[in-house]
Amino acid sequence: MVKRFKKSFIAPIPITISTQIYGLLPNIYPHNPISWIHFFVKYLWIYFKPIPQRSISNLSVVFEDNLFKVLNKQHQERLWDYGFFGKGTLSRSELNWYSSTQKRLHLGDDNFELSNEEITKFRREERVKFKKERTKEQELELKKRKNEISESELQELDEIKKTLIKFRKNNKLKIKQERQVPIEYKDMRPEDQEIIDEESMTLQEIEYLQLSAVETFYLKLIDVIDVFEADQLTLEDVFYKCCGTKTPKPDNQFILSYIAYHHYRSLGWCVRNGIKFGCDYILYKKGPPFSHAEHGILIITEANPKSWTEMQTVSRVIGSVRKNLVLNFIDVPTPNELNEILNDSDDQKFFRLLQLYKVNEILYKRWIPNRTRD
Amino acid sequence: MSLASKVKTNLQYQNLWTNVTIHQVSDLEIVSGIPPNKLSSVDEENQVEWIIPKMFSQDKLSVSEIQNWFSKILELSGDIPRRITIAIINDDSTIVYYFIHNGITKPNQN
């Protein structure tokens, strides 16, 4: 199996810093004056060089149909490589619908790299095979207990038991990929024919990168994207579009989600949506390609507390996927405090808005007295 | 793009369903389609599935709303399905699917 590790971690946000281009600053050894000189020379050299981020134009985001879309290929790649922002609309996270569809229909060059989706699919197929064998085993076992089993069936049972042991032991994936003959246009599903040009057999790209509201506002706040509707939207426009109203209340759903999002992003975490696990966010140390998310975040406010049943439910789901549940309590300002800041006319007001909210965290973990002894 | 068409695209091109159709019943959009394989091991064979698209929000889901989905599907197909699927769409384009059964079902081995 070709596992993909070609991606290396570049940066937590889409900003290119000087040392990325000009090299890291050398170490200083306090007792060695030459290392001090070396450091300052290099420091000044970088200082007088042009700032790399300035030469990179902002990434463009289109606001259409109430969604934030990134359509430019390079911009999509940069948002993904630098901090894992956005999601491919037809992929689990990274945009790979186009290449996996090409592979499925045997269009273009054979690509031997496997996407996450394909690995999952293969695992599921193995699991289905395992279950089939297991059902057979259970049927035969039942016959054996009732003493209705024949000689040949007894032999079959032995065989099945052996294969089941093999299945259980085998946790390494062996995926064989074979070069296959292209599928003819007329043999394709009508759905696929719709997006393939019969003449040139080229596949139409129907996937794009979608940014969620919190991601868009974060990227706009750190000024690395331009958002266009008919005209370019200002930071303020984006804010109100995300809030869904011109007069947001202090406990506006977007503002609360954003507070938590910004909190963890600024602490260096890669924050992704947690809908699959029944919580608000999940936190990755670096990003999805490198490790599983370690924490699930649940936002709680005073006005909207969670019941014990709800907490138990989320905690068990998060626990079963080996993550920690972090309860994120947000203290909300009064409507007056919020409006006072929103009435200001400068863009810095959004940083002051963030200061109005306070975040407290608690790690919530199920403790089983006779199992968790250490 | 309506919620239903998002779900349709997702089913057709990410999950490889066929015959995906959007039905408009009064103000409700219902999607039907055939998955590439049967969805549950207890199913006899692959069958037409009914999907209700929903935007993820803080709103609460009521029993009468679910009941309404079942009766609308009855109008469409002449039959109350044993289960329907709810497709919850998130603002980052994730769609999560959940089964809703009409009554109690026997738990099955994982």
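Residue positions are counted from 1 within each chain, in the order its sequence is given. Lettering for chains starts from A, numbering for ligands starts from 1, and both go in the order in which the items are written. A pLDDT threshold of at least 70 governs which residues receive local features in this predicted model, and a stricter bar of 80 or more applies before side-chain atom pairs are shown or counted, although totals over entire chains, interfaces and linings include all residues. Each side-chain value is derived from all of the structure's non-hydrogen atoms; neither hydrogens nor water enter the calculation.

1. Let's talk about the packing of helix α12 (residues 335–342) of chain A against helix α13 (residues 349–356) of chain A
Residue and element names in this part refer to chain A. Fitted lines through C-alpha atoms serve as axes, helices being fitted only where they are in contact, and the angles separating the N-to-C directions of these axes extend from 0 to 180 degrees. The numbering of helices and of strands both runs from the N terminus, where a helix is a DSSP run of H or I of at least 4 residues and a strand a run of E of at least 2. The geometry of α12 relative to α13 is characterised by a closest axis approach of 9 Å and an angle of 165° between their N-to-C directions. The angle between the axes of α12 and α13 places the two elements in the roughly antiparallel class. When you trace α12 past α13, the crossing you get is right-handed. Contacts from Glu337, Leu338, Ile341 and Leu342 of α12 reach α13 at Lys349, Phe350, Arg352, Leu353 and Leu356. The nonpolar class holds Ala, Val, Leu, Ile, Met, Phe, Trp, Tyr, Cys and Pro. Asp, Glu, Lys and Arg form the charged class, and all remaining residues, Gly among them, are polar. Looking at the contact of α12 with α13, its residues break down into six nonpolar, no polar and three charged. Angles below 35 degrees are treated as roughly parallel, those above 145 as roughly antiparallel, those between 65 and 115 as roughly perpendicular, and all remaining angles as oblique. Here a crossing is taken to be left-handed if its near helix is turned anticlockwise relative to the far helix by less than a right angle, and right-handed if that turn runs clockwise. We call two residues in contact when some of their heavy atoms are within 4.5 Å.

2. Describing the layout of surface pockets
Within this model, the second largest pocket holds a volume of roughly 1300 Å³. Here a cavity means grid points, on a 1 Å grid over the protein atoms only, where a 1.4 Å probe fits yet cannot get out; a pocket means an open set of points with protein on both sides within 12 Å along at least five of seven lines; lining residues are those with an atom within 4 Å of a point. Together, 32 residues line the second largest pocket, and Glu310 of chain A together with Phe56, Ser57, Gln58 and Asp59 of chain B are the ones closest to its centre. Going through the elements one at a time, α10 (253–266), β9 (295–301) and α11 (308–320) of chain A together with β3 (49–55), β4 (83–89) and β5 (95–101) of chain B are the ones with two or more residues in the lining of the second largest pocket. Grid points are joined across faces, edges and corners, and a volume is the space filled by probe spheres set on the points.

3. What to know about unusual backbone geometry
Positive phi values are uncommon outside glycine, yet His106 of chain A reaches one of about 55°. Mapped onto the secondary structure, His106 of chain A falls in the loop between α4 (97–104) and α5 (116–145).

4. Some words on the domain arrangement of chain A
Domain boundaries in chain A define domain 1 (106–197) and domain 2 (247–371). Taking only C-alpha atoms into account, the centre of domain 1 of chain A sits 40 Å from that of domain 2 of chain A. Note that the domain bounds were set by an automatic or database domain assignment.

5. What about empty space enclosed by the protein?
Residue and element names in this part refer to chain A. Following the criterion strictly, the structure yields three cavities of 30 Å³ or more and no others. Of the voids in this model, the largest cavity is the one considered here, and its volume is about 50 Å³. Around the largest cavity, the lining residues are Phe217, Phe239, Phe254, Ile255, Tyr258, Ile259, Phe350, Leu353 and Leu354. Considering each element in turn, the lining of the largest cavity owes the most residues, four residues, to α10. Counted by class, the lining of the largest cavity contains nine nonpolar, no polar and no charged residues.

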